[in-house]
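# Examination of the molecular architecture
These are the residues of each chain, in order.
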Amino acid sequence: MSKVLVISNTKKFVQDSLKEAEGGHDWFHILRVYTNAKHLLKSEIANPFIVEIASLLHDIADSKFHGGDEEIGPQKARAFLETQPVEQGDLDHVIKIIENVSYKGGHSHSHFHSKELEIVQDADRLDALGAIGIARTFNFGGFKNNPIYDPNIPADPHQTKEAYKKSNSPTINHFYEKLLLLKDKMNTNSAKVIAEKRHNYMITYLDQFYKEWNGEL
Ligand code: ADP
Ligand code: NI
């Protein structure tokens, strides 16, 4: 069976698994990350098969939606890939990427690095920025029933991983706790350029948000 078939089987598996997913972490998020990753591959030297499979499987079972369990995503991905004709080295590499792609408030203790991880991570982070990033963030905030904004609750960009994960602070705070920090965390040069544009769009958005909040007509 060819790599093309493995990719198409993975697409079907992911689309089916994410049927009930929250709107910001659904199949369309995966599709955008996959498209971003393929774009970044054009200017990077990396194994495209690993990047494509890992970007498709990277949110197969996000710990946020599984009681904080960080093992379940990699486990589900491994169980699926073991049904596919994928070489052991490739399978292990994809799992390492899934284990390490997440932001988690900027706290990662892993020493695993690869160009393929860098690409998938950038592709995922790009989808946290710009107009889509704003939409996903308010969708998640609504899903958690968090307030949109509360001027009395300051953002905390340096919070611990645990505090970041269980935060119920206003959604606007998430811009300062994560989204606006991402442009300086991009790995690849092509992602840096796209991130800068999307970052500036969010700054403009926040500026308008505060104007309207403060009663400017
Ligand atoms: P990663 O998938 O890189 O680990 P997260 O899962 O923390 O990153 O965030 C993915 C997206 O989910 C964010 O970009 C944001 O849109 C949304 N999100 C996560 N946490 C929050 C939050 N506390 N408030 C609002 N949106 C959030
Ligand atoms: Ni993602």
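Residues numbered from 1 in each chain as written. Chains lettered and ligands numbered in written order. Predicted model: local features only at pLDDT ≥ 70, side-chain atom pairs only at ≥ 80, totals over all residues. Heavy atoms only, no water.

Our focus in this paragraph is the overall build of the protein chain. For the protein chain, the count of helices and strands is 10 helices and zero strands. Taken from N to C terminus, the helices and strands of the protein chain fall in the order α-α-α-α-α-α-α-α-α-α. What you see for the protein chain is a C-alpha radius of gyration of 18 Å, in line with the 17 Å of a compact globule of 217 residues. Along the longest, intermediate and shortest principal axes, the C-alpha atoms of the protein chain span 60 × 35 × 30 Å. Across the 217 residues in the protein chain, those meeting the buried criterion constitute 47%. (Helix = DSSP H or I, 4+ residues; strand = E, 2+ residues; numbered from the N terminus. Rg over C-alpha atoms; globule rule 2.2 N^0.38 Å. Buried < 20%, exposed > 50% of the residue type's maximum accessible area, 1.4 Å probe, protein only.)

Time to look at the site of ligand 1. Around ligand 1 sit 15 residues in total, of which Lys64, Ser102, Thr137, Tyr164 and Lys178 are the nearest. Side-chain polar atom of Thr137 to an oxygen atom of ligand 1: 2.8 Å apart, as the coordinates give it. A distance of 2.7 Å is found between an oxygen atom of ligand 1 and a side-chain nitrogen or oxygen belonging to Tyr164. Burial of ligand 1 by the protein chains amounts to 94% of its free accessible area of 540 Å². For the shell around ligand 1, the element with the most residues is helix H7 (residues 130–143), which contributes three residues. Within the shell around ligand 1, the residues separate by chemical class into five nonpolar, four polar and six charged. (Near = heavy atom within 4 Å. Polar contact = N/O pair within 3.5 Å; in protein donor to acceptor, adjacent residues only side chain to side chain. Areas by Shrake-Rupley, 256 points an atom, 1.4 Å probe, with all protein chains shown as cover. Nonpolar A, V, L, I, M, F, W, Y, C, P; charged D, E, K, R; others polar.)

Looking now at the coordination of the nickel ion (ligand 2). Note on the nickel ion (ligand 2): its protein donors are His29 (NE2), His58 (NE2), Asp59 (OD) and Asp124 (OD). The metal-donor distances range over 2.1 to 2.2 Å. Metal-centred angles of 85 to 177° between the four donor atoms at the nickel ion (ligand 2) mark the site as irregular. Site description for the nickel ion (ligand 2): donor spacing in sequence, H-x28-H-D-x64-D. Placement of the pair is Asp59 in the loop between helix H3 (48–57) and helix H4 (72–81) and Asp124 in helix H6 (residues 115–126), with a sequence separation of 65 residues. (Donors = N, O, S within 2.8 Å, 3.2 Å for Na, K, Ca; no water. Tetrahedral: all angles 85-135°; square planar, octahedral: opposite > 155°, others 65-115°.)

Once that is clear, we can look at the side chain of His29. Mapping His29 onto the fold places it in helix H2 (residues 27–41). By relative accessible area, which is 0% here, His29 ends up buried. At 3.1 Å, the side chain of His29 and the side chain of Asp124 are in polar contact. For His29, the residues in contact, after removing those within four places along its chain, are Gly24, His58, Asp59, Asp124, Asp127 and Arg136. (Contact = heavy atoms within 4.5 Å.)

Take the nonpolar core next. Counting 51 residues, the largest nonpolar core has Val14, Ile53, Leu57, Leu81, Val94 and Phe175 as the members making the most contacts within it. At the level of secondary structure, the elements contributing two or more residues to this core comprise helix H1 (3–17), H2, H3, H4, helix H5 (88–100), H6, helix H9 (171–177) and helix H10 (189–213). (Core = buried A, V, L, I, M, F, W, Y, C linked by side-chain atoms within 4.5 Å.)

Once that is clear, we can look at H5. Look at H5: 18 Å from first C-alpha to last across 13 residues, which is about the 18 Å you get at 1.5 Å a residue. Along H5, the residues classified as buried are Asp90, Leu91, His93, Val94, Ile95, Ile97, Ile98 and Asn100. Structurally, H5 contributes buried residues whose contacts are with H1, H3, H4 and H6. (Expected span 1.5 Å × (residues − 1).)

Among the 10 residues that make up H3, nine are buried, leaving the element largely enclosed by the rest of the structure. Buried within H3 are the following residues: Phe49, Ile50, Val51, Glu52, Ile53, Ala54, Ser55, Leu56 and Leu57. Where H3 begins, one side-chain oxygen reaches toward the backbone nitrogen of Phe49, 3.0 Å away; that side chain belongs to Asn47.

With that settled, the discussion passes to the packing of aromatic side chains. Considering all chains together, one arrives at 11 aromatic pairs under this definition. Measuring from centroid to centroid gives 4.6 Å for Tyr149 and Trp213, while their planes differ by 75°, and the two rings are edge-to-face. You can see Tyr149 sitting in the loop between H7 and helix H8 (161–166) and its partner Trp213 sitting in helix H10, a full 64 residues away along the chain. Each residue in the set Phe138, Tyr149, Phe175, Tyr205, Phe209, Tyr210 and Trp213 is aromatic and connected to the rest through ring pairs, giving one cluster. It is Lys3 that lies over the ring of Phe49; its NZ or CZ is 5.0 Å from the centre. (Phe/Tyr/Trp six-rings, centres within 6.5 Å; stacked < 30°, edge-to-face > 60°. Lys NZ or Arg CZ within 6 Å of the ring centre and 35° of its normal.)

What follows covers the pattern of salt bridges. Should their charged atoms come close, side chains of opposite charge can pair. Per the counting criterion, the structure on display carries 10 salt bridges. For Asp16, the salt bridge identified is with Lys19, shortest N-O distance 2.5 Å. On the accessibility criterion, Lys19 (61% relative accessible area) is exposed. Note that Glu99 and Lys96 form a salt bridge whose closest N and O atoms lie 3.8 Å from each other. Placement of both Glu99 and Lys96 in helix H5 is noted, with a separation of three residues, approximately one turn of the helix. (Salt bridge = Lys/Arg side-chain N within 4 Å of Asp/Glu carboxyl O.)

Taken by themselves, the reported measurements are silent on function.
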